[in-house]
Amino acid sequence: MKIELPTIQNWNCHSCAGCCTQHEVAITEQERQRIVDQGWTTADGIPEGLPVVKTKGPPWARQHLLNWKPDGSCIFLDDKGLCRIHAKFGEPAKPLACRVYPYAFHPAGNKVVVSVRFSCPSAVENKGRSLVDQRKDLEELGKEVVPEFAQNVPPPPVSRGETVEWRDFLRFVGNIEDDLADDSLPVSLRLVSVLSWLKDVERAKFGTLDGKSLEELLLLLRQAARSEIDEDLESFGRPTRMGRLMFRLLVANYARRDTQGVNTGGLRHRIWLFRAATRFSLGRGNVPPLQSVFTEVPFARIEEPFGGIPDEADEMLTRYLRVKVRGLQFCGRAFFGESLVDGFRALALVVPAVLWVARWLAAGEERDRLEANDVARAIAIADHFHAYSPASGSRAARSRVRILEQLDDIRRLVAWYSR
Ligand code: SF4
């Protein structure tokens, strides 16, 4: 199958070891056997008494995982931040999950589209070679990960109960991306504009519309939404009280490290987490630091303007959204079966969540203006959660997105935290 790559994205591994310290690595039975047969011992630097592989789940749904060291990093990560399997047996000997990261392959009719996980800091900063120049390697990787039935995967619904063929589904995707790519407006206003016309899409029935007529309708909806945009971010007003509460709970999920598979378990941790969630829901006093990168800052401080989004960060957020949209990493199989409209709303909420976390980082360093690096760090933190933690696809998370939309708070949240 043809593979479509994001032309605006560069990437190469810069050995930061972030992925090896923050993700749990699921492996197949074959990979488990291969790793066991490699005969790892303490002489290789494996901590005494720890098996290299562990198994979890009931007998009918067993899952094999690479084990972690007590600090939460992969058992194969050495002191220099390098992979012991790679060093001893070469890259092909590593589990497929490690070799695929940070790419994600998604079926899109008669092709496969590639998205990128921005939990990798090199992806956020666009460091490395263009993906287009790495086509050959990505095609080889694609052969290993794209299942044979990919061509038969149906498109996600456009909205609840409304489906179209792949060709037309990709017209919606292309129109969203075109709007996001138009840099005559800041990213937050482009996002607001797409959210506006998707409201009309949600109300429409597309049964008799396809091809050129659908394209024309989408263009009209986009133009109408664009002409109605008020460029004054303050004019959107403050999100509602209920909206702010739900949004803080969402941010708490995005900022939690233990949603990324790192074993921070235990009763004490759960009690601590419950208390932290209570503080997030109240939104008073100081924000409890959910990871070591955060410090306690007043909730009220984060609600104040932070000087807008720096240009460099605008580019990062734009690229983030475009890569996720074009790579279909926001709906369908890649996002818990959600429709294009609901999945895009959930993706749009990542932007204010990132800006909230970026403000938290900036306030922790006693700055009252955002820097691009705050946003870069916040994107990497938030993207660990979005679409990957089961919590981001839970019933509660989906209904939160729907309620925020009914309150018309998604657009307000985007504007409010872009000030
Ligand atoms: S096996 Fe190697 S590449 Fe994979 S998570 Fe462990 S250290 Fe990282």
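Residues numbered from 1 in each chain as written. Predicted model: local features only at pLDDT ≥ 70, side-chain atom pairs only at ≥ 80, totals over all residues. Heavy atoms only, no water.

Segmenting the protein chain into domains produces domain 1 (29–100) and domain 2 (155–419). Placing the centre of domain 1 and that of domain 2 at their C-alpha centroids yields a distance of 34 Å. (Domains from an automatic or database assignment.)

Describing an aromatic ring pair means giving the distance of the ring centres and the angle of the ring planes. The full count for this structure, using the stated rule, is 15 aromatic pairs. Centroid distance F335 to F336: 5.2 Å. Interplanar angle 65 degrees. Geometry classified as edge-to-face. On the basis of relative accessible area, F336 is assigned to the partly exposed category, the value being 30%. Members of the aromatic cluster, connected to one another through ring pairs, are F280, F294, F299, W356 and W360. Over the face of the ring belonging to Y388 we find R117, whose NZ or CZ atom lies 3.2 Å from the ring centre. Its end group placed over the ring of W416, R419 keeps NZ or CZ at 3.7 Å from the ring centre. (Phe/Tyr/Trp six-rings, centres within 6.5 Å; stacked < 30°, edge-to-face > 60°. Buried < 20%, exposed > 50% of the residue type's maximum accessible area, 1.4 Å probe, protein only. Lys NZ or Arg CZ within 6 Å of the ring centre and 35° of its normal.)

With that settled, the discussion passes to helix α6 (residues 135–145). Inspection of α6 places L138, L141 and G142 among the buried residues, and these make up the whole buried set. In an axial view of α6, the angular spread of the buried residues amounts to 110 degrees, which keeps them on one side of the axis. In α6, the exposed positions angled more than 90 degrees off the buried face are occupied by K136 and K143. Each element contacted by the buried residues of α6 is listed here: β1 (2–4), α4 (96–100) and β5 (103–107). (Helix = DSSP H or I, 4+ residues; strand = E, 2+ residues; numbered from the N terminus. Arc of directions from axis to C-beta. Contact = heavy atoms within 4.5 Å.)

All right, on to the sheet that holds strand β3 (residues 53–56) then. One open sheet holds the three strands; their spatial order is β2-β4-β3, and the pairing between them is antiparallel. A strand with exactly one partner marks an edge of an open sheet, and here the two such strands are β2 (26–27) and β3. Both β2 and strand β4 (residues 63–66) contribute to a ladder of two bridges, which runs antiparallel. Pairing of I27 across the sheet is with H64, part of β4. (Pairing = 2+ DSSP bridges.)

Let us look at unusual backbone geometry. Following Y101, the chain continues into P102 via a peptide bond in cis, with omega recorded as 10 degrees. In this structure, P102 sits in the loop between α4 and β5. Not every positive phi belongs to a glycine, and A17 is a case in point at roughly 70 degrees. In this fold, A17 is placed in the loop between β1 and α1 (18–22). For A17, a relative accessible area of 12% corresponds to the buried category. A positive phi angle, near 55 degrees, is found at L328, a position not held by glycine. Inspection of the secondary structure assignment puts L328 in the loop between α13 (311–326) and α14 (340–364).

Moving on, we get to the nonpolar core. It is characteristic of soluble globular proteins that their nonpolar side chains tend to be buried jointly. In terms of nonpolar packing, the biggest core is built from 112 residues, with Y103, F105, V201, L340, F344, W356 and W360 touching the most fellow members. Non-local contacts of W360, meaning those with residues more than four positions away in its chain, are made with A255, F280, V287, P288, P289, L290, F294, T295, V297 and I302. (Core = buried A, V, L, I, M, F, W, Y, C linked by side-chain atoms within 4.5 Å.)

As a matter of local geometry, the ligand sits amid C20, V25, L66, C74, F76, L77, C83, I85, K94 and C98. Here the shell around the ligand is built from residues that sort into nine nonpolar, no polar and one charged. (Near = heavy atom within 4 Å. Nonpolar A, V, L, I, M, F, W, Y, C, P; charged D, E, K, R; others polar.)

The next subject is the packing of helix α8 (residues 187–203) against α14. At a closest axis distance of 10 Å, the pairing of α8 and α14 adopts a crossing angle of 160 degrees. As the angle between them shows, α8 and α14 are arranged roughly antiparallel. By crossing handedness, the relation of α8 to α14 is classed as left-handed. Every residue of α14 that contacts α8 at L191, V194, L195, L198, K199, V201 and E202 is listed here: L340, V341, D342, F344, R345, A348 and V351. Split into classes, the residues belonging to the contact of α8 with α14 amount to 10 nonpolar, no polar and four charged. (Axes fitted to C-alpha atoms, helices over the stretch in contact; angles between N-to-C directions. Parallel < 35°, antiparallel > 145°, perpendicular 65-115°, else oblique. Left-handed = near helix turned anticlockwise from the far one by under 90°.)

A side chain of one charge can pair with a side chain of the opposite charge if their charged atoms are brought near each other. Under the definition given, this model contains 39 salt bridges. A salt bridge links K56 to E24; its shortest N-O distance comes to 3.5 Å. Here K56, found in strand β3, pairs with E24, found in the loop between α1 and β2; they are 32 residues apart in sequence, far enough to count as distant. Here K56 falls in the partly exposed class, since its relative accessible area comes to 39%. By relative accessible area, E24 is classed as partly exposed at 30%. With a shortest N-O distance of 2.9 Å, E177 and R322 are connected by a salt bridge. Taken together, the residues E177 in helix α7 (residues 166–181) and R322 in helix α13 connect sequence positions 145 residues apart. (Salt bridge = Lys/Arg side-chain N within 4 Å of Asp/Glu carboxyl O.)

Judged by how many residues are buried, strand β6 (residues 111–116) sits mostly within the fold: six of six residues are covered. Because side chains alternate across β6, one face comprises the buried residues K111, V113 and S115, and the other comprises V112, V114 and V116, equally buried. Across three bridges, β1 lies against β6 in parallel orientation. Paired with I3 across the bridge in β6 is V112. Both β5 and β6 contribute to a ladder of five bridges, which runs antiparallel. Paired with H106 across the strands is V113, a residue of β6. Linking β5 to β6, which pair antiparallel, is a turn of three residues; within it G109 sits at a positive phi near 80 degrees.

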